[in-house]
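These are the residues of each chain, in order.
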Amino acid sequence: MASAAEQDEWTRTAGRTGAHSAAAERRPHRYGDPRSVLPCGPEPLGARVGTGPGGAAGTGFALWAGGAEAVEVCLFEGEGPGAQETRYALAERTDGVWHGFLPGVGAGARYGFRVHGRWDPWTGARWNPAKLLLDPYARAVDGEFRLPPEVYGHVRDWPQRQVADTVRDERDSAPFVPKGVVVAEGVPEAADGWLRPGTPWADTVLYELHVKGFTRRHPGVPEELRGTYAGLAHPAAVGYLRELGVTAVELLPVQQFAHEEHLLRRGLRNHWGYNPIGWFAPHAGYAACGTRGEQVGEFRRMVRALHAAGIEVILDVVYNHTAEGGELGPTLSLRGVDNRAHYRLQQDARRYTDVTGCGNTLDAARPAALRLIADSLRYWVTEMGVDGFRFDLAATLARSAGGGVDMAGPFLAVLAQDPVLRRVKLIAEPWDMGPGGYQVGAFPPPWSEWNDRYRDAVRDFWRGAAPDVRELGTRVSGSSDLYEQGGRAPYASVNFVTAHDGFTLRDLVSYERKHNEANGEGNRDGTDDNRSWNCGAEGESGDPRVAALRRRQLRNLLGTLLLSAGVPMLVAGDEMGRTQGGNNNAYCQDNETGWVDWSLLGDPGWAALRALAARLLRLRAAHPALRRRAFFSGRPRVPGGLPDLAWFRTDGAEKAQDDWHEPACTLVFHLSADGAPGGDGPDDGFLAVLHAGHEPADVLLPGPPWAEEYELVVDTSREDQEDEPGTRHPGGTPLAVPPRSLLLLRSKGPGAVPLNGTGPHAG
């Protein structure tokens with residue numbers, strides 16, 4: 001530990017030198033008259049415009065800081081380091097909430113908090129009133145996060161780095177941190193007038209996109225709106241989504257986030273946004289119309305535009321950690337509000353428990369942190385209109401006070417009983433980096449989950465790495481081994497082949513190794529487990545045979561995804577051949593690498609891929625057999641009907657249990673819509689043939705009663721995908737299947753058969 005004399009010497013010399021410190025010393029501030037702070041209630045937390053005692057118009061401020069000794073709300077007038085700061089002590093305290101009402105303060109006012117208390121890092125106490133803190137409940141944020149030494153609660157540049165986090169830094173951080181913005185209440189229609197699409201889970205198709213990356217290069221969006229909420233709301237963007245046929249956008253993080261110090265040093269920025277600091281505020285960097293609260297209205301208008309087109313809005317939310325990092329990170333908000341009440345600390349309370357890989361872990365088992373999360377989620381639903389959430393590293397949130405993952409723990413229990421949150425779509429990324437963190441299949445109803453076992457099975461099959469078809473059969477039929485036992489449905493599985501992290505779909509068939517040099521980390525970042533195949537050449541190739549094979553593989557992967565039971569998730573741009581040049585961790589590539597390249601649609605090959613995706617989505621929407629509401633039973637659902645699912649060998653016979661253990665690269669199955677839940681009446685069945693072999697294969701088409709004839713609907717061996725092939729084939733005859741191809745055939749002539757076949761997990 002540094003001695004008091006050493007700390008004093010630092011304050012007199014290095015701690016008080018430099019441009020940043022000089023600016024902090026010159027910045028004016030004053031104390032407001034304590035009598036001007038009127039009483040108000042401790043609810044709601046944050047800053048809310050309203051009427052105070054005696055009918056005075058103003059704003060009530062409330063901050064939970066349970067262990068603090070005093071709290072000041074600080075108002076700012078003017079711009080830059082010379083902005084005038086006025087500090088008002090919040091003298092009222094109720095159950096750990098410090099609160100007061102300031103007359104005359106209205107929407108657009110900028111503010112922050114200073115919290116006084118003990119500095120005792122050895123017990124986890126890190127209060128430092130020299131650091132201006134962002135209100136955790138701020139509805140809008142104005143200004144950029146910078147990371148000079150002044151924004152650290154400890155002396156960042158203390159000579160003895162091993163104890164640097166124990167030395168309190170007395171320099172003012174206000175000139176270098178953004179401020180919260182007072183925002184007027186939402187319009188009355190916000191509570192119940194969102195006209196939500198209400199798409200059933202079984203009919204949902206997710207489209208993961210980045211607000212900035214999706215429109216930054218869109219030629220149909222005006223230049224001044226590209227990369228913004230308004231850009232995504234533009235008819236050119238919304239119209240594309242409707243024509244493609246997706247039912248929901250899953251937006252990469254749009255809650256206020258900060259850029260990491262190591263990225264800023266390299267001249268990079270956090271592009272994805274998985275570094276949150278304000279869970280109520282739309283990220284200001286995506287606003288076209290201003291950051292003094294205007295971003296809130298712009299976000300709401302975006303949601304309304306998407307709803308009007310029948311498209312739901314799902315937010316990718318990051319409640320597992322914050323941008324404050326570990327003990328050597330900056331003090332921006334929660335660390336200075338009440339460090340011990342919000343973060344998981346080790347037995348040595350100087351250190352943070354880190355099961356996220358980001359330096360700290362929010363403790364969702366503690367009341368203050370849990371309330372913050374739940375209040376934030378409700379706000380986004382009731383006042384911002386969103387339809388659901390995908391929870392980054394959801395296993396972290398399910399950890400109990402003891403640290404283990406507990407599916408009956410506080411976080412999941414709170415959401416399950418909440419009358420607002422239990423009715424929206426909830427998606428878990430069901431893992432984290434801590435012990436016991438892999439929880440695929442373990443979340444309770446009504447949760448759905450990202451299913452990485454689906455991803456791996458599909459990738460392995462089409463690259464020729466699967467020894468048989470057992471795993472693929474289980475995944476394309478809904479992953480009942482993971483989800484059926486808990487009373488869930490096939491839509492508990494969010495199926496994906498690619499996501500924002502990892503290769504794009506095009507890169508998956510073009511690269512076998514990651515190429516992340518542009519990230520500045522020596523190509524050490526990003527996974528090495530890509531399960532990819534480059535089709536014979538690493539990277540872009542001028543060989544027409546390689547290019548043709550890659551496009552065929554893309555059609556195979558898209559076709560498998562969109563014909564599988566469960567909820568498909570596409571990544572924006574995959575349907576048009578977007579590439580990141582082999583970068584499988586483009587989290588810091590806020591440039592052409594991370595943005596959708598709309599010029600690809602000018603290439604007939606990529607336009608045809610997009611046309612296939614749209615046609616497959618139309619097929620899925622039109623036929624109940626392709627979007628299951630219940631797991632397959634392998635039996636008829638109506639008297640005299642066909643089994644809902646049947647598996648076949650290539651010789652036309654139904655698979656027996658032993659057949660699943662035979663080496664195979666061809667999967668054949670028949671789907672029947674007879675009595676399918678959600679069906680509107682009789683519908684055609686379908687026969688799917690997935691063949692990953694490098695040589696052609698003959699498949700005997702099942703004859704009556706399965707079908708009298710089959711009509712070819714999709715053939716991924718064809719370059720032209722604008723129209724259905726339309727070729728008809730009699731049942732009971734052989735069909736020549738091209739190498740590495742997926743065929744979908746519509747069956748004609750339903751009948752009834754006894755149950756003879758067995759599935760990949762039958763006893």
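No experiment lies behind these values; they were computed from the predicted model shown. (Residues numbered from 1 in each chain as written. Predicted model: local features only at pLDDT ≥ 70, side-chain atom pairs only at ≥ 80, totals over all residues. Heavy atoms only, no water.)

When helices and strands are tallied, the protein chain shows 17 helices and 30 strands. Taken over the C-alpha trace, the protein chain has a radius of gyration of 28 Å; the compact-globule value for 763 residues is 27 Å, and the two agree within 12%. Once the C-alpha set of the protein chain is aligned to its principal axes, its extents read approximately 90 × 55 × 50 Å. The buried share of the protein chain, reckoned over its 763 residues, is 60%. In the protein chain, the share of contacts with a sequence separation of at least 24, taken over all contacts with a separation of at least 6, comes to 73%. (Helix = DSSP H or I, 4+ residues; strand = E, 2+ residues; numbered from the N terminus. Rg over C-alpha atoms; globule rule 2.2 N^0.38 Å. Buried < 20%, exposed > 50% of the residue type's maximum accessible area, 1.4 Å probe, protein only. Contact = heavy atoms within 4.5 Å.)

This paragraph deals with the side chain of Thr228. Within the secondary structure layout, Thr228 lies in the loop between helix H3 (211–215) and helix H4 (229–233). In this structure the side chain of Thr228 is engaged in a polar contact, spanning 3.3 Å, whose partner is the backbone nitrogen of Ala230. Ignoring sequence-local partners within four residues, the contact set of Thr228 consists of Val211, Thr215, Tyr286, Ala287, Ala288 and Glu298. (Polar contact = N/O pair within 3.5 Å; in protein donor to acceptor, adjacent residues only side chain to side chain.)

Our focus in this paragraph is the pairing of strand S16 (residues 276–282). Regular strands show a simple pattern: their side chains alternate between the two faces of the sheet. Where burial is concerned, most of S16 is hidden: seven out of the seven residues are buried. Of the strand pairs in this sheet, strand S15 (residues 255–257) and S16 are connected by three bridges, and their pairing is antiparallel. Across the sheet, Gln255 pairs through a bridge with Pro282, a residue of S16. (Pairing = 2+ DSSP bridges.)

For the structure shown, the criterion picks out 30 aromatic pairs. A centroid spacing of 6.2 Å and a plane angle of 35° characterise the contact between Phe503 and Tyr511, whose relative ring orientation is tilted. Owing to a relative accessible area of 1%, Phe503 belongs among the buried residues under this scheme. Above the ring of Trp450, the side-chain terminus of Arg390 is found at 4.0 Å from the ring centroid. (Phe/Tyr/Trp six-rings, centres within 6.5 Å; stacked < 30°, edge-to-face > 60°. Lys NZ or Arg CZ within 6 Å of the ring centre and 35° of its normal.)

For the rest of this paragraph, the subject is empty space enclosed by the protein. Scanning the model with the defined rule gives seven cavities of 30 Å³ or more in all. Surrounding the largest cavity, 16 residues form its lining, His210, Leu252, Val571, Arg578 and Gly594 being those nearest its centre. Within the residue set of the lining of the largest cavity, elements represented by two or more residues are strand S13 (206–209) and H3. Classifying every residue of the lining of the largest cavity by side-chain character gives eight nonpolar, six polar and two charged. Volume-wise, the second largest cavity comes out at about 90 Å³. Around the second largest cavity sit Arg459, Trp462, Arg463, Leu508, Val509, Arg531, Ser532, Trp533, Cys535, Gln553 and Leu557, which together line it. (1 Å grid on protein atoms, 1.4 Å probe; cavity = no way out; pocket = protein on both sides within 12 Å on 5 of 7 lines; lining within 4 Å. Points joined across faces, edges and corners; volume = space filled by probe spheres on them. Nonpolar A, V, L, I, M, F, W, Y, C, P; charged D, E, K, R; others polar.)

Bringing the pairing of strand S7 (residues 97–103) into the picture now. Counting buried residues along S7, six of its seven residues qualify, which places the element largely inside the surrounding structure. For strand S3 (residues 57–64) and S7, the ladder comprises seven bridges, and the chain directions are antiparallel. Across the sheet, residue Gly60 finds its bridge partner in S7, namely Phe101. Pairing of strand S6 (residues 92–94) with S7 involves three bridges; the strand directions are antiparallel. In the strand pairing of S7, Glu92 is matched with His99. Linking S6 back to S7 in an antiparallel pair, the connection comprises two residues, with Asp95 at a positive phi of about 50°.

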